[in-house]
Amino acid sequence: AYQSFQKFEDHGMRQSDAALDALWRICLTSGNNNVASQAMSDLLSVYSSSTPTSQESVSMNGKDHRFSNRIFKCLVEVKEGLQRGDNSSERSAERCISILNAAIEKCNSLGGSAGAVAERLTSLQEGSSLDSYLTQVPHGMRGVSSCKRIQVLAKVISRNSPTQANPNESTSQNATVPNTPQRFPLEIHPLQTVGAIKAQIGLRCNHIGNSIRITTGLGGRSRGMNNPNTNSMPDSTLAADLGLVEGSEIVAILSDKPAQQQSVDNLGSDIGPDILDQEQPSKSSHLDLSDLFSGDGSNGSSEFFSTLMVVLESLPVLDANVKDGPIQGKKAADTHSLVWDLLLAMPTNAGIIEKVHRAASGTDPAGDAMLVESLGGNSDWSSLVDFGHFERSVYVMQILDSLLRPATAMFSGLNPNTAAFLSKAMEDHSASFRINFTKSGGFAAVMRLFVESGNSDKLTRRRNRMGNACALRILKECFFNNDELSVEGQELIETFADTSGFLKSLVCTVIDDDGITYNALFRVLSLVRMMLESGPIFIRSFASLPGNLAETFLTSLLLWESAGSIGATGIQSTVKVRKTTEDMILAIPLLSSFALPWLVKALKNIDTNTDGSDEFFSVLLKLVSSVDPVGNEAQLKDLGASVCFKLASYPGRTSDTACTFNSTGVLCGCLKLLISLIEAGGNNFLVEGSPHILNTINVSPWSDEGAKLMEDKPLIDLMGAIFDGFISSSKSGASPVCCDVDSRRLAFNAVASAAKACGGGRGYTILAKKINVIIANVAPSLRHKWGQKPVVDGSTNSRNTANYSGLKNQGCTCYMNSFLQQLFMMPDLRENLCSAELPSSLRSTGGG
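Residues numbered from 1 in each chain as written. Predicted model: local features only at pLDDT ≥ 70, side-chain atom pairs only at ≥ 80, totals over all residues. Heavy atoms only, no water.

With that settled, the discussion passes to the overall build of the protein chain. Summing up its helical and strand segments, the protein chain has 39 helices and six strands in all. When burial is assessed residue by residue, the protein chain has 47% of its 848 residues classed as buried. Pairs at least 24 apart in sequence give 72% of the contacts found in the protein chain among residues at least 6 apart. Summed over all atoms, the accessible surface of the protein chain reaches about 41200 Å², with 52% contributed by carbon and sulfur. (Helix = DSSP H or I, 4+ residues; strand = E, 2+ residues; numbered from the N terminus. Buried < 20%, exposed > 50% of the residue type's maximum accessible area, 1.4 Å probe, protein only. Contact = heavy atoms within 4.5 Å. Areas by Shrake-Rupley, 256 points an atom, 1.4 Å probe, with all protein chains shown as cover.)

The following block contains the structure:
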């Protein structure tokens, strides 16, 4: 049916009332997404190809077919349907917002693409006010939060070098530049130019900006290009057109000669037509949305903004994993995202900005917070930041964030003098606003909303992810200055009224949202550590959070795994999360005392195949070595039992290749803990765990073969369990549990530690007997290779008849020989000596 409709090629017929009505109905109500998508494209094509005069015209029956009027009417109908609970309105909402998102990209005066924004900024007359420039920038590009955090690998290369690629060769022009590659993070704004990025890198590396070349390709994507070639792009190219995403990596080549620049006219085929099309927005579209998206706060734009907010708040809160029902959870979540995409692409609502400034200015001369004279009853903080209207509050917080952390890099494409003037004006305005924001009660309002969000149910907190992330940015900005707690931040801590509520919200932001970003996660860690370092009362408040929240928080972060990000940056961030948590626990003694039993409990449930357990066991090892064994005997016994229970859960290998596909991090960590517990208390901490591991892996107890005086029975049996159950294989042809170098070395060390801890040398005696049995049962050729002869009985002279019998007495060298043999028995010294490279003179003569 729709294909038949498309055959109306006559332009006038397709713009008739009936045709336009049909297109709108198909777009909003069609049950076929493909048909609806094609209808949207045709609808926008009709309006975009119309002249401004034809759009303003009214048909004979009195209907106003201007796009802005029609889409607003549809949006009002969607709002009313959602408020009635009409399920079909949810689909119409998605379609309506999709049309708006596509339309704003076609609108010449309001296009949300970086290229269109940059064109509007450069078209303004010199001397225009800061507000004039900011009204041309979409809501989502005004703050630092719009920047992408990328990794830069800077390499020094001298063009005078014959190889042209020796990173160790010094540059003649920049003698202070280190020759070794440097890696560091960089925040890139979409409107930032390539030239500005080079200057930023040059400032970091103490290098001249015009001698820097940058390349992408390690994690970067570029629209319209499969393999972006930034060497061919002029310095005026926008960062948005490099296709950089969060976590991308660029390589900066620091040369000793200025990099060649190309103009846009001489880019050739390296960039391709797609990028050129993006750089030059289409001039053929006549779609005008200024009456809807205007940032001047006019009645039309304010009414549209209010309607859009009601639609956003009326969308149902559904779990993204829901598969049943009239609208799937994932689809509902996507509709929320579509609305936010539209809001971020629109100019910031001027009316809301005015209310924010009114609220921030409401401070008496003495500096005490006071009620702000409301602007229509809606300009005080309690109404601007209200959990009952969370989406509206998020929009307000986005404005607050952009005022507290303005993105001055957006002006890098302008005349340098103009850019410097505008940047200075933004920074001064931000400093002034920061003071007023805190004093007027804005900080308290954001804190209150964040705490209320933490008290909501888990599903609501997941939907509040964007708002929580925005609140975290604002709170951290108020507490810290260059990642250090500021004087103002310390004063804010001292005025806290709801410590537990704030800590709970911070913790729940992490453990209840598996989609939390790394930026938000690191802000949570910074704020939690700030609170815990503020005094014992804060630590006890943290430890007493309901539902074991503090325990879950710390253990989950110590075992944090990358959430689907397998790139180098994702792995680095994952390790940084674990390291940061480890440092926090060990730096705060009272927190460490709470953490020990939590980690012991977590050890029982840890996955034996997890890869990221190094920091978890590192904390446990340091806590075991630092606590008083007598005062913490119960906890250490519990730890000993947990370690043995975890070791007993390891299944035997079924083939020689099984070890290759399993991580031994947990195994090695447990063996390290076992050694530490043996050295700290011998039998004391293994009384419960040793029998369990022995019985579970089903090996014969070594204590049955020794004397009946067995106060060291747990240690003797533990030696047997590790030796027979982990170092040796219980099944013929199968690999032992400890089948890699690290785990086998630790297993042998555990056996040796247990033997040493036994009294009267009993451990060594039993171990020697077991080893002698092994020697007696191997092939003679292997015994000869080992240089060993089995002991037949205790009185037999077991002098070795093999070729190797230690150092021979060369005449009065017996004392020296014994000393050298003692040195040889020191593992670290022996390994280093044996691995040392022989001098070339000895190698050439065969000496050794």
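The structure having been displayed, the exposition proceeds.
Turning to the packing of aromatic side chains, a few remarks are in order. A full pass over the atoms with the stated rule returns 19 aromatic pairs. Seen in terms of ring centroids, F433 and F437 are 5.9 Å apart; in terms of plane orientation they differ by 20°. Their pairing is stacked. Remark: F437 and F433 occur in helix α18 (residues 416-439); sequence separation between them is four residues, near one turn of the helix. For the residue pair F433 and F437, the accessibility class agrees, reading buried in each case. With a centroid separation of 6.0 Å and 80° between ring planes, the pair formed by F479 and F496 is classed as edge-to-face. Of this pair, F479 sits in helix α21 (residues 465-479) while F496 sits in the loop between α22 (487-494) and α23 (499-511), and the two are 17 residues apart along the sequence. On the basis of relative accessible area, F479 is assigned to the buried category, the value being 0%. (Phe/Tyr/Trp six-rings, centres within 6.5 Å; stacked < 30°, edge-to-face > 60°.)

Attention shifts here to the nonpolar core. Nonpolar side chains tend to gather and get buried jointly when the protein is soluble and globular. Within the largest apolar cluster, 170 residues are counted, with the highest numbers of intra-cluster contacts made by F479, F502 and F542. Discounting residues that sit within four places of it in the chain, F502 has contacts with M447, F450, V451, L475, F479, F496, L527 and M531. Counting residues in each nonpolar core, the second largest holds 20 residues, with F184, I188, V194 and I201 among its members. (Core = buried A, V, L, I, M, F, W, Y, C linked by side-chain atoms within 4.5 Å.)

Here we come to helix α28 (residues 589-603). The terminal C-alpha atoms of α28 lie 21 Å apart, and with 15 residues this matches the ideal 21 Å at 1.5 Å per residue to within 8%. In α28, a bend of some 30° at A595 exceeds every other bend along the element, and P597, a proline, comes one to four places later. L591, S592, A595, L596, W598, L599, V600, A602 and L603 are the residues of α28 that are buried. (Expected span 1.5 Å × (residues − 1). Bend = angle between axes of the 7 residues up to and from the residue.)

Quick look at a nonpolar patch on the surface now. A cluster of nonpolar residues, L807, M816, F819 and L820, forms a patch on the protein surface that exposes about 400 Å² of accessible area. Locating M816 in the fold gives a position in helix α37 (residues 814-824). (Patch = residues over 30% accessible without salt bridge, like charges linked within 9 Å, V, L, I, M, F, W, Y side chains within 5 Å. Salt bridge = Lys/Arg side-chain N within 4 Å of Asp/Glu carboxyl O.)

Okay, the pairing of strand β1 (residues 148-156) next. Across seven bridges, the pairing between β1 and strand β2 (residues 182-188) is antiparallel. What sits directly across from V152, in β2, is F184. When β1 meets strand β4 (residues 249-254), the two strands line up parallel, connected through six bridges. The residue bridging Q151 from the neighbouring strand is E249, located in β4. (Pairing = 2+ DSSP bridges.)

What follows covers the environment of L44. The topology assignment puts L44 in helix α4 (residues 33-49). C-alpha of L44 to C-alpha of A102: the two residues are 58 residues apart in sequence and 8.1 Å apart in space.

What follows is about the packing of helix α17 (residues 390-404) against helix α19 (residues 442-454). Contact pair α17 / α19: the axes reach a minimum separation of 12 Å and the direction vectors enclose 135°. The angle between α17 and α19 places the two elements in the oblique class. The handedness of the crossing between α17 and α19 is left-handed. Residues F390, S393, M397 and L400 of α17 pack against V446, L449 and S453 of α19. (Axes fitted to C-alpha atoms, helices over the stretch in contact; angles between N-to-C directions. Parallel < 35°, antiparallel > 145°, perpendicular 65-115°, else oblique. Left-handed = near helix turned anticlockwise from the far one by under 90°.)

Let us look at the side chain of N101. Tracing the sequence through the fold places N101 in helix α7 (residues 88-106). Judged by relative accessible area, N101 falls into the buried class, the value being 16%. Polar side-chain contacts of N101 include one of 3.1 Å to the backbone oxygen of L338. Once you skip the residues sitting within four places of it in the chain, N101 turns out to touch L338, D341 and L342. (Polar contact = N/O pair within 3.5 Å; in protein donor to acceptor, adjacent residues only side chain to side chain.)

Looking now at the packing of α23 against helix α26 (residues 549-558). Following both chains from N to C, one finds α23 and α26 inclined at 45°, their axes separated by 10 Å at the closest point. It follows from the interaxial angle that α23 and α26 lie oblique. Read as a crossing pair, α23 and α26 show a hand that is left-handed. Residues K504, V507, C508, V510 and I511 of α23 lie in contact with α26, whose contacting residues are L549, T552, F553, S556 and L557. Here the residues of the contact of α23 with α26 are counted per class, giving seven nonpolar, two polar and one charged. (Nonpolar A, V, L, I, M, F, W, Y, C, P; charged D, E, K, R; others polar.)

The next thing to look at is the pattern of salt bridges. A complete count under the given rule lists 21 salt bridges for this structure. The partner of E477 in a salt bridge is R434, with the nearest N and O atoms 2.9 Å apart. In this pair, E477 is assigned in helix α21 and R434 in helix α18, connecting sequence segments 43 residues apart. A relative accessible area of 22% means that E477 is categorised as partly exposed. Between E615 and K579 there is a salt bridge; the shortest N-O distance is 4.0 Å.

Averaged over every residue, the pLDDT of the protein chain is 80; the share at 70 or more is 76%. When pLDDT is averaged over each helix and strand of the protein chain, the minimum, 41, is found for helix α11 (residues 273-279) and the maximum, 96, for α26. Under a pLDDT of 50 for its full length, residues 53-62 has, in the predicted model, twelve contacts with residues more than four places off or in other chains. Within the model, pLDDT remains below 50 along residues 161-176, and this stretch shows 30 contacts once partners closer than five positions in the same chain are excluded. (pLDDT = per-residue confidence, 0-100.)

The next point concerns unusual backbone geometry. Not every positive phi belongs to a glycine, and N206 is a case in point at roughly 60°. Tracing the backbone through its elements, the reader meets N206 in the loop between α10 (194-205) and β3 (212-218). The class of N206 is partly exposed, set by a relative accessible area of 49%. In the Ramachandran plot, C812 falls in the positive-phi region, its phi being about 65° despite a non-glycine side chain. The exposed category is assigned to C812, whose relative accessible area is 83%.

Take R523: it is sitting in helix α24 (residues 518-532). Here R523 is buried and forms no salt bridge, its nearest opposite-charge partner E187 lying at an N-O distance of 5.7 Å. If sequence neighbours within four positions are ignored, R523 has contacts with R405, L472, R473 and K476. (Lys, Arg positive; Asp, Glu negative; His and termini not counted.)

A word on the state of the cysteines. Under the defined criterion, the tally for this structure stands at zero disulfides. Take C644: it sits in no disulfide, and the sulfur closest to it among the cysteines is that of C670, at 9.1 Å. Residue C644 is classed as buried on the basis of its relative accessible area of 0%. (Disulfide = S-S within 2.5 Å.)

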